[in-house]
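Chain residues, written in single-letter form:
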Amino acid sequence: MTNYSAKNVGEYISKAPKEARSHLREIRTAIKSAVPKAEEGISYGKPYYKYHGMLAGFDAFKNHIGFEIWADKLESKDRKMLEEKGYKTGSRTFHIRYDQKVPTALIKKLLKAQAKMNEAKDKK
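What this report covers is the structure whose coordinates are included nearby. (Residues numbered from 1 in each chain as written. Predicted model: local features only at pLDDT ≥ 70, side-chain atom pairs only at ≥ 80, totals over all residues. Heavy atoms only, no water.)

1. Overview of helix 3 (residues 76–84)
Along helix 3, the residues classified as buried are D78, R79 and L82. Seen end-on, helix 3 carries its buried residues on one side only, within an arc spanning 100 degrees. The exposed set on the far side of helix 3, more than 90 degrees from its buried face, consists of S76, K77, K80 and E84. Packed against the buried residues of helix 3 are strand 5 (93–97) and helix 4 (104–123). One or two positions beyond helix 3, positive phi appears at G86, with a value near 95 degrees. (Buried < 20%, exposed > 50% of the residue type's maximum accessible area, 1.4 Å probe, protein only. Helix = DSSP H or I, 4+ residues; strand = E, 2+ residues; numbered from the N terminus. Arc of directions from axis to C-beta. Contact = heavy atoms within 4.5 Å.)

2. Structural notes on the pairing of strand 2 (residues 46–50)
Relative to strand 2, strand 1 (residues 39–43) runs antiparallel, the two being bridged by 5 bridges. From the neighbouring strand, S43 faces strand 2, where its bridge partner is K46. Between strand 1 and strand 2, which pair antiparallel in sequence order, lie 2 residues; one of them, Y44, sits at a positive phi of approximately 55 degrees. Counting the residues that bridge the hairpin from strand 2 to strand 3 (residues 54–60) gives 3 residues, and of these H52 lies at a positive phi of roughly 55 degrees. (Pairing = 2+ DSSP bridges.)

3. So, the nonpolar core
Counting residues in hydrophobic clusters, the biggest one holds 35 residues, and the most contacted among them are L24, I27, F58, F67, I107 and L111. Considering each element in turn, this core owes the most residues, 6 residues, to helix 2 (residues 18–34). Other than its neighbours up to four places away in sequence, I107 contacts I27, A30, F67, F94, I96 and V102. (Core = buried A, V, L, I, M, F, W, Y, C linked by side-chain atoms within 4.5 Å.)

4. Focus on the packing of helix 2 against helix 4
Contact geometry for helix 2 and helix 4: axes closest at 9 Å, N-to-C directions at 40 degrees. When the interaxial angle is binned, helix 2 and helix 4 end up oblique. Between helix 2 and helix 4 the crossing geometry is right-handed. In this structure, helix 2 uses E26, I27, A30, I31, S33 and A34 to contact helix 4, whose residues at the interface are T104, I107, K108, L111 and K112. Considering only residue class, the contact of helix 2 with helix 4 consists of 6 nonpolar, 2 polar and 3 charged. (Axes fitted to C-alpha atoms, helices over the stretch in contact; angles between N-to-C directions. Parallel < 35°, antiparallel > 145°, perpendicular 65-115°, else oblique. Left-handed = near helix turned anticlockwise from the far one by under 90°. Nonpolar A, V, L, I, M, F, W, Y, C, P; charged D, E, K, R; others polar.)

This is the structure we're talking about:
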């Protein structure tokens, strides 16, 4: 649900389809918890987060939420764990259907790892 009129993440979530909102709020909370200093914004009509560079983003679709981590790729062990639990994965993305639980522990783990990589790159 790319929303080019949303001015902030709160507005994006409030205008998302009803079935997506609780998942979107849960993802937003996980991001803020994992990397409290992350900068939140809207770009290309989607929520994104930056911390010493791009960190993560998400977007609501008809039947799922797409979550993207700005790593080079998802680690194979993380991808395998997601797939075993029924999540569809891409090279650095995964889908969370509205009938699935948000994998908050894994999201936090991925974000913390990405934040450390971003800090290291920024110091160079």
